[in-house]
Amino acid sequence: MKLQLLSFLSVHLLLLLSVPASSSPCHFPAVFNLGDSNSDTGGLSATFGPLTYPYGESLFGKPAGRYSDGRLIIDFIAESLGLPYISAYLDSMGTNFSHGANFATALSTILPQNITLSQGGYSPFSLDVQLKQFLQFKSRSQMIYNEGGIYKDLIPKEEYFSRALYTFDIGQNDLTAFYFLNESTEEYIPNALKEFSRVIKSIYEEGGRSFWIHNTGPLGCLPYVLVQGHLAPSDLDSAGCAIRYNKLAQEFNRMLNDTVAQLRKDLPLAAFTLVDMYSIKYLLVSQATKQGFVLPFRACCGYGGGVYNYNSNIRCGDMAKVNGTMILLGKSCRNPRKRINWDGVHYTEAANRWVFNQISRGAFSDPAMPLSMACHRKTPTK
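The shown structure was predicted, so the numbers you read here are calculated from the model rather than taken from an experiment.

Conventions and cut-offs
Residues numbered from 1 in each chain as written. Predicted model: local features only at pLDDT ≥ 70, side-chain atom pairs only at ≥ 80, totals over all residues. Heavy atoms only, no water. 1 Å grid on protein atoms, 1.4 Å probe; cavity = no way out; pocket = protein on both sides within 12 Å on 5 of 7 lines; lining within 4 Å. Points joined across faces, edges and corners; volume = space filled by probe spheres on them. Nonpolar A, V, L, I, M, F, W, Y, C, P; charged D, E, K, R; others polar. pLDDT = per-residue confidence, 0-100. Helix = DSSP H or I, 4+ residues; strand = E, 2+ residues; numbered from the N terminus. Contact = heavy atoms within 4.5 Å. Buried < 20%, exposed > 50% of the residue type's maximum accessible area, 1.4 Å probe, protein only. Phe/Tyr/Trp six-rings, centres within 6.5 Å; stacked < 30°, edge-to-face > 60°. Lys NZ or Arg CZ within 6 Å of the ring centre and 35° of its normal. Expected span 1.5 Å × (residues − 1). Patch = residues over 30% accessible without salt bridge, like charges linked within 9 Å, V, L, I, M, F, W, Y side chains within 5 Å. Areas by Shrake-Rupley, 256 points an atom, 1.4 Å probe, with all protein chains shown as cover. Salt bridge = Lys/Arg side-chain N within 4 Å of Asp/Glu carboxyl O. Disulfide = S-S within 2.5 Å. Core = buried A, V, L, I, M, F, W, Y, C linked by side-chain atoms within 4.5 Å.

(A) Expanded view of empty space enclosed by the protein. Scanning the model with the defined rule gives five cavities of 30 Å³ or more in all. The calculated volume of the largest cavity comes to roughly 90 Å³. As for the largest cavity, its lining consists of Asn38, Gln172, Thr216, Gly217, Pro218, Leu219, Leu222, Lys281, Val345, His346 and Tyr347. Residues of the lining of the largest cavity, tallied by class, amount to five nonpolar, five polar and one charged. What lines the second largest cavity is simply Ser37, Asn38, Tyr67, Ser68, Leu72, Ile73, Asp169, Lys281, His346, Tyr347 and Asn352. Grouping the constituent residues of the lining of the second largest cavity by class yields four nonpolar, five polar and two charged.

And the structure:
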């Protein structure tokens, strides 16, 4: 582990040298986000029914459309840029899009899936649909803005679209989808990343220039994955994560690195920041105690106890009638601030804050520049 960490820091020290020393901070007036549940601020909840308590308990005091007890990384990104939380595009109630819109929905994938949400599958709002929503949002918002009236102050100014930060956090559900369906990585991942590249280029053609892209985290460290099948001790690494699932995430990330490298060549006027979420999340899980956390593989909010406290049939917030009375079965733990995993799939606000504090400084990014400098292009190495 020490050798891996030293090697990682050495690589990122070299990346720091690729950032112009004279670069000044960016001023992003808006954020447009595309993704899955890691950054969904209310899209799926507004469409298919609200989340239930104890989601949102740590900050909002009630469910707020987020798959956590509080804020997500996208919320901390908005806060750090001096912007309000980014409203979900699909949420029509009390929303304000003047500083961006969030097209992410839980269970979204890059490639459309054949198994629908009602069948226990995935969100219908795959990445291609989110792109269509963005294009429609951009077109219609400018019509409304030019007409004036009471809605003018609720939508972005035209120049915000070219100056905005475009954030992406998607791919995790694709990995679980094709893995459990026994599809081939040789076909699925390249096709998914080809689609990802197409979406980026479409936004670039609409004027987008600053792209902040998260790779996928260590899938094999999540309780909902660890409870799948029968994992022998030899199937787990020294930290307790499932080796084969993490190798899958690493393969996806390797191909994503190549995809972003090609995008830099194809779109020379764009600034791409690729954030290594895998490394920072694995560091957190494998060194949980050192970072002030406990029980990194146990869901804070869940049912069943045991090592993982995760039951796919009784999840966080689920209730049941016992002796004629409805009781909460999927309860939260006593102190979410000390826990990493919230519901078996997603992180707690405390873990999200810790991850954001690391990635916002640029140490886990390529190029290794802070979030506030993400409008600057990487200087080509000689």
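(B) Seen up close, the confidence of the model for the protein. Counting all residues, the mean pLDDT for the protein is 92, and 93% of those residues have values of 70 or more. Confidence, read as mean pLDDT per element, is least for helix α1 (residues 2-16) in the protein (46) and greatest for strand β1 (residues 31-35) (99). Predicted confidence is poor over residues 1-18, with pLDDT under 50, and the contacts of this stretch with residues over four places away or in other chains come to 20 contacts.

(C) Geometry of helix α11 (residues 349-359). Of all 11 residues in α11, nine are buried, a share of seventy percent or more. Within α11, the full set of buried residues consists of Glu349, Ala350, Ala351, Asn352, Trp354, Val355, Phe356, Gln358 and Ile359. Residues of α11 that are buried in the fold lie against α3 (73-80), β4 (210-214), β5 (271-275), α10 (277-286) and β8 (365-366).

(D) Spotlight on the packing of aromatic side chains. Scanning all chains against the criterion turns up 22 aromatic pairs. Seen from their ring centres, Phe60 and Tyr85 are 6.4 Å apart, and the 75° between their planes marks the pair as edge-to-face. Remark: Tyr85 occurs in the loop between α3 and β2 (100-102) and Phe60 occurs in the loop between α2 (43-48) and α3; sequence separation between them is 25 residues. In this structure an aromatic cluster arises from ring pairing among Phe32, Tyr89, Phe97, Phe103, Phe134, Phe137, Phe161, Tyr166, Phe168, Phe196, Phe211 and Phe272. Just above the ring of Phe161 sits the side chain of Lys138; from NZ or CZ to the centre is 5.6 Å. Taking NZ or CZ as reference, Arg209 lies 3.9 Å from the ring centre of Tyr204, over its face.

(E) Seen up close, the layout of surface pockets. The computed volume of the largest pocket comes to approximately 950 Å³. What lines the largest pocket is a set of 33 residues, and nearest its centre among them are Leu107, Gly121, Tyr310, Arg315 and Val345. Elements represented by at least two residues in the lining of the largest pocket include exactly α2 and α6 (172-180). For the lining of the largest pocket, the element with the highest residue contribution is α6, accounting for five residues. Across the lining of the largest pocket, the residue classes break down as 18 nonpolar, 12 polar and three charged.

(F) Representation of helix α9 (residues 243-266). Helix length check: α9 (24 residues) gives 35 Å between terminal C-alpha atoms against 34 Å at 1.5 Å per residue, within 8%. Along α9, the residues that are buried comprise Tyr245, Asn246, Leu248, Ala249, Phe252, Asn253, Met255, Leu256, Thr259, Val260 and Leu263. Summarising the contacts, the buried residues of α9 are in contact with α6, α7 (185-205), β4, α8 (223-226), β5 and α10.

(G) Here's a closer look at a nonpolar patch on the surface. Taken together, Ile150, Tyr151 and Leu154 make up a surface patch of nonpolar side chains, about 330 Å² in accessible area. Along the polypeptide, Ile150 turns up in the loop between α4 (127-147) and α5 (160-163). The exposure class of Ile150 is exposed, given its relative accessible area of 68%.

(H) View of the state of the cysteines. The final tally for this structure, using the stated rule, is four disulfides. Across the disulfide, Cys26 is cross-linked to Cys375 (sulfur-sulfur distance 2.0 Å). Disulfide Cys26-Cys375: torsion about the S-S bond near -90°, hence left-handed. Separated by 349 residues along the polypeptide, Cys26 in the loop between α1 and β1 and Cys375 in the segment after β8 bring together distant segments of the chain. Given the relative accessible area of 10%, Cys26 is considered buried. In this structure Cys375 comes out as partly exposed when scored by relative accessible area, which is 30%. Disulfide pairing places Cys300 opposite Cys333 at an S-S distance of 2.0 Å. Residues Cys300 and Cys333 are joined through a disulfide that is left-handed, its torsion about the S-S bond being -90°. Of this pair, Cys300 sits in the loop between α10 and β6 (319-322) while Cys333 sits in the loop between β7 (325-328) and α11; the two residues are 33 residues apart in sequence, bridging distant segments of the chain.

(I) Spatial organisation of the nonpolar core. Membership of the largest hydrophobic core comes to 89 residues, with the highest contact counts inside it found for Phe32, Phe168, Phe196, Phe211 and Ile213. It is α7 that contributes the most residues to this core, nine residues altogether. Apart from residues no more than four positions distant in its own chain, Phe196 is found in contact with Ile110, Leu127, Phe168, Ile170, Ile213 and Leu256. Listed in part, the 10 residues of the second largest apolar core include Tyr55, Ala106, Cys300 and Cys316.

(J) Focus on the pattern of salt bridges. On inspection of all chains with the given rule, the structure shows 11 salt bridges. In this structure, Asp75 and Arg66 form a salt bridge, with 2.7 Å as the shortest nitrogen-oxygen distance. Judged on exposure class, the residue Asp75 and its partner Arg66 are both buried. The salt bridge involving Arg264 is made with Asp366; its shortest N-O contact spans 3.7 Å.

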